[in-house]
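Read off the chains here:
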Amino acid sequence: MIAQLRWQKMFQALASGDSTDGVWLFKLQGFLFRQFVAVHRLGEPEPEAIFNASPSFNGVLEIKGGRSYYWDSNFWLTKWIWTDVEGAEIMHAQRHLTIRMEGSLSIPHEFLSNEDLPLLALLGWYMIQIVSDLRIG
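By convention here, each chain's residues receive numbers from 1 onward along its written sequence. Given that this is a predicted model, residues contribute local features only at a pLDDT of at least 70 and side-chain atom pairs are listed and counted only at 80 or more, while totals for whole chains, interfaces and linings are drawn from all residues. Side-chain descriptors were evaluated using all non-hydrogen atoms of the structure, hydrogens and water having been removed beforehand.

Visitor: Looking at this structure, I do not really get the packing of aromatic side chains. What am I missing?
Guide: Aromatic ring pairs: the centre-centre distance and the angle between the two ring planes describe each pair. Between 30 and 60 degrees the pair is tilted, below 30 it is stacked and above 60 it is edge-to-face, where a pair is any two Phe, Tyr or Trp rings, Trp via its six-membered ring, whose centres lie within 6.5 Å. Tallying each qualifying case throughout the model produces 5 aromatic pairs. Three or more aromatic residues joined by ring pairs form one cluster here, namely Phe-51, Trp-71, Trp-80 and Trp-82.

Shown next as structure tokens:
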């Protein structure tokens, strides 16, 4: 297991994620065409990263220190990918169409040492659940 995501309150877009890299907090903020996810490390007042979402919830993750990643989905919102600035696919996520919220992640071998994998996995699954469950609020 890379990480585990937990929702803080029902029908709210606040979640925490435990990973090998520590604990992260995710909060969807903004309204309609200007939504973003503030990503904090537990106990830190300033965000470690900001995910700027488009209306379709694709977008760009900007991490302190200058690293950026792109999140994109297919039309049916069943498959998503994280890519780096060169366009290399770092992580592929797929939601399985079942009653339960289930899915899978695949990571190409050459990116297994990427230090941001736990954050990308957690934020990716957070975004999938936001879009799938419409936990906006």
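Visitor: Quick question: what am I supposed to make of the pairing of strand S5 (residues 49-53) here?
Guide: Along any regular strand the residues' side chains alternate between the sheet's two faces. Residues of S5 alternate between two faces, with Ala-49, Phe-51 and Ala-53 buried on one and Ile-50 and Asn-52 left unburied on the opposite face. Whether two strands pair depends on DSSP finding at least two bridges between them. What counts as a helix is a DSSP run of H or I of at least four residues, what counts as a strand is a run of E of at least two, and both are numbered from the N terminus. What sits between S5 and strand S6 (residues 59-63) in their antiparallel hairpin is a turn of 5 residues, with Phe-57 showing a positive phi close to 70 degrees. Exposure categories follow from relative accessible area, calculated using a 1.4 Å probe and restricted to protein chains: below 20% of the type maximum is buried, above 50% is exposed, and the middle band is partly exposed.

Visitor: How should I be thinking about the nonpolar core in this particular structure?
Guide: If you look at soluble globular proteins, the nonpolar side chains tend to sit buried side by side. Think of a nonpolar core as a cluster: buried Ala, Val, Leu, Ile, Met, Phe, Trp, Tyr and Cys residues, connected wherever their side-chain atoms sit within 4.5 Å. Grouped together as the largest cluster of nonpolar side chains are 34 residues, with contacts concentrated most on Phe-26, Val-37, Phe-51, Leu-61, Trp-82, Leu-123 and Tyr-126. When residues of this core are traced back to their parent elements, those giving at least two are strand S3 (22-31), strand S4 (34-41), S5, S6, strand S7 (67-73), strand S8 (79-83), strand S9 (89-97) and helix H1 (117-133). Top contributing element to this core by residue count: H1, with 12 residues. Apart from residues lying up to four places away in sequence, Phe-51 is in contact with Gln-35, Phe-36, Val-37, Phe-57, Asn-58, Gly-59, Val-60, Leu-61, Trp-71, Trp-82, Leu-123 and Met-127. Here, two residues are considered to be in contact whenever any of their heavy atoms come within 4.5 Å of each other.

Visitor: In this structure, what is going on with the environment of Glu-89? I would like to understand it.
Guide: Residue placement: Glu-89 occurs in strand S9. Judged by relative accessible area, Glu-89 falls into the partly exposed class, the value being 35%. As a C-alpha pair, Glu-89 and Tyr-69 span 20 residues in sequence and 9.8 Å in three-dimensional space. Sequence-distant contacts of Glu-89, defined by excluding residues within four places in its chain, comprise Ile-81, Trp-82, Thr-83, Pro-108 and Phe-111.

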